[in-house]
Amino acid sequence: MQNNQYLHQFLTSLFFIVLFTSCHPKIKETKDSIYSRHLQKHIDLTIISTPVPKEKNSFNLLLLNDGQDIEQFRTKEVIDSLYKKKLLRPLLVVAINAVDRMQEYGVAGYPDYQNNGTDAEKYAAFVDDELIPFIKKKSGVRKFNSITFAGSSLGGLSAFDIAWDHADKIDKVGVFSGSFWYRDKDAADSTYDDNKDRLIINKIRSSRKRPHLKYWFYAGGKEETADRDRDGIIDVIDDTKDLIDLIKKKNVCPPGDIIYTEITAGTHDYNSWSHVLPQFLIWADGN
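Reading the values: the criteria
- Residues numbered from 1 in each chain as written.
- Predicted model: local features only at pLDDT ≥ 70, side-chain atom pairs only at ≥ 80, totals over all residues.
- Heavy atoms only, no water.
- Helix = DSSP H or I, 4+ residues; strand = E, 2+ residues; numbered from the N terminus.
- Buried < 20%, exposed > 50% of the residue type's maximum accessible area, 1.4 Å probe, protein only.
- Contact = heavy atoms within 4.5 Å.
- Bend = angle between axes of the 7 residues up to and from the residue.
- Core = buried A, V, L, I, M, F, W, Y, C linked by side-chain atoms within 4.5 Å.
- Pairing = 2+ DSSP bridges.
- Axes fitted to C-alpha atoms, helices over the stretch in contact; angles between N-to-C directions.
- Parallel < 35°, antiparallel > 145°, perpendicular 65-115°, else oblique.
- Left-handed = near helix turned anticlockwise from the far one by under 90°.
- Nonpolar A, V, L, I, M, F, W, Y, C, P; charged D, E, K, R; others polar.
- Phe/Tyr/Trp six-rings, centres within 6.5 Å; stacked < 30°, edge-to-face > 60°.
- Salt bridge = Lys/Arg side-chain N within 4 Å of Asp/Glu carboxyl O.

Moving on, we come to the overall build of the protein. Scanning the protein from N- to C-terminus turns up nine helices and eight strands. Expressed as lengths along the three principal axes of its C-alpha atoms, the size of the protein is roughly 90 × 40 × 35 Å. Counting every position in the protein, which comprises 287 residues, the buried fraction comes to 49%. Taking all contacts inside the protein whose residues are at least 6 apart in sequence as the whole, residues at least 24 apart take part in 72%.

If you check the backbone angles, Asp-66 has positive phi at about 55° while not being a glycine. Position of Asp-66 among the secondary structure elements: in the loop between strand S3 (60-64) and helix H2 (75-84). In this structure Asp-66 comes out as buried when scored by relative accessible area, which is 4%.

Moving on to helix H9 (residues 270-285). For an α-helix, the turn length of 3.6 residues means that residues three or four places apart are oriented alike. Of all the bends in H9, the greatest reaches close to 40° and is centred on Val-276; the proline Pro-278 follows between one and four positions later. Taken residue by residue, H9 has Tyr-270, Ser-272, Trp-273, Ser-274, Val-276, Leu-277, Phe-280, Leu-281, Ala-284 and Asp-285 as its buried positions.

Attention now moves to the nonpolar core. In this structure, Leu-63, Phe-160, Tyr-215 and Phe-217 are the most contacted members of the largest nonpolar core, which totals 51 residues. Beyond its immediate chain neighbours, meaning those up to four positions away, Leu-63 contacts Val-94, Val-127, Leu-131, Ile-132, Ile-135, Ile-147, Thr-148, Phe-149 and Ala-150. Among the nonpolar cores identified, the runner-up in size contains 24 residues, and Ile-27, Ile-48, Val-276 and Leu-281 belong to it.

This part covers the pairing of strand S2 (residues 41-49). Note that strand S1 (residues 28-36) and S2 share nine bridges and pair antiparallel. Bridging from a neighbouring strand, Tyr-35 pairs with His-42 of S2. Taking the residues that link successive antiparallel strands as the turn, the S1-S2 hairpin has four residues, and the phi of Gln-40 there is positive, at about 60°. Pairing between S2 and strand S4 (residues 91-96): five bridges, direction antiparallel. Within S4, the position partnered with Ile-48 by the bridge is Val-93.

By the element assignment, Ala-159 lies in helix H5 (residues 154-165). Residues Ala-159 and Leu-63, 96 residues apart in the sequence, show an inter-C-alpha distance of 8.7 Å. Once you skip the residues sitting within four places of it in the chain, Ala-159 turns out to touch Asn-65, Phe-149, Ala-150, Gly-151 and Val-173.

Along the chain, Asn-251 turns up in the loop between helix H8 (235-250) and strand S8 (258-263). On the basis of relative accessible area, Asn-251 is assigned to the exposed category, the value being 51%. Sequence separation between Asn-251 and Ile-79 is 172 residues; the distance between their C-alpha atoms is 33 Å.

Our next topic: the packing of H2 against H9. Between H2 and H9, the least distance of the axes is 10 Å, while the angle of their chain directions is 60°. Taken together, H2 and H9 sit at an angle that is classed as oblique. In this structure, H2 crosses over H9, and the sense of that crossing is right-handed. Facing H2, whose interface residues are Thr-75, Val-78, Ile-79 and Leu-82, H9 presents Leu-277, Pro-278, Leu-281 and Ile-282. Across the contact of H2 with H9, the residue classes tally to seven nonpolar, one polar and no charged.

On to the packing of aromatic side chains. This model, assessed by the stated rule, comprises 16 aromatic pairs. With centroids separated by 4.9 Å and ring planes inclined at 50°, the aromatic side chains of Phe-176 and Trp-216 adopt a geometry described as tilted. Taken as a pair, Phe-176 in strand S6 (residues 172-176) and Trp-216 in strand S7 (residues 214-220) lie far apart in primary sequence, 40 residues in all. On the accessibility criterion, Phe-176 (0% relative accessible area) is buried. Aromatic pair Phe-280 and Trp-283: ring centres 5.9 Å apart, planes at 35°, arrangement tilted. With Phe-280 and Trp-283 both in helix H9, this residue pair falls three residues apart, about one helical turn. Among the aromatic residues, those joined into a cluster by ring pairs are Phe-73, Phe-176, Trp-216, Tyr-270, Trp-273, Phe-280 and Trp-283.

Let's shift gears to the pattern of salt bridges. Taken as a whole and judged by the stated rule, the model has 18 salt bridges. Note that Lys-203 is salt-bridged to Asp-161, the shortest N-O span being 2.6 Å. Taken together, the positions of Lys-203 in helix H7 (residues 199-206) and Asp-161 in helix H5 put the pair 42 residues apart, joining distant regions of the chain. On the accessibility criterion, Lys-203 (13% relative accessible area) is buried. Between Asp-165 and Lys-209 there is a salt bridge, with the nearest N and O atoms lying 3.4 Å from each other. One end of the pair, Asp-165, is in helix H5; the other, Lys-209, is in the loop between H7 and S7, with 44 residues separating them in the sequence. A relative accessible area of 22% means that Asp-165 is categorised as partly exposed. For Lys-209, a relative accessible area of 37% puts it in the partly exposed group. Members of the salt-bridge network, linked through shared partners, are Asp-194, Arg-198, Arg-228, Asp-235, Asp-239 and Asp-242.

If you want it as structure tokens, here you go:
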């Protein structure tokens, strides 16, 4: 009889543990898709959300390029960890699967010397005209507290280019190892010139826009061995710093609105990018 009483008490305690554990707010991940008139194709989305706040307008929105690699980025895992530690505000992440990243990503209106990036302008129009309104409608958020666009490698170049051109809707941009080398002439060409042939550098240099953006950049010291100017610094670091210097010269934002992180042992892969993802998320969405 006494054993039955202990068993009953144990099962009752277990029930309440399970009940309260299951009621604990969790990070949710769902799938969705949207048809783009600009791209003439369906785009798959992965959506990660912290618990819905009482005031939906307190949600921050993070758009991510290369959504097909969302698991490698450990996005949900990192957000869950940071949110439990109360280091993040309410956040909605929409990761956009690339259908043809070599053509969709790039510098809008300026294909590279291999004719890549021909759909970059259409992709930018998709994000601006279709995706952001779609997200607002589906989430019931009329105006997000802030919108950040981020990506890695070629996706980082794309995120930066779109944010620069659409700063009326986007507030912050994050770039992990951005492909700022993107050029209109082969670097092996004897007439190649860093100052003239890097597309994003030329675009920003000649731009009359003064976008009120905040910028976060990352580059790793072991991403490559290429060193075009033979200064002992690999190109991904040189290209990133050249872009940062250009932004500072244009005086479009206070110096404190530009964050640059460099990891000496960092490589060009999701293993390195996921290690700095917490720093980026706290910058973009931290309490």
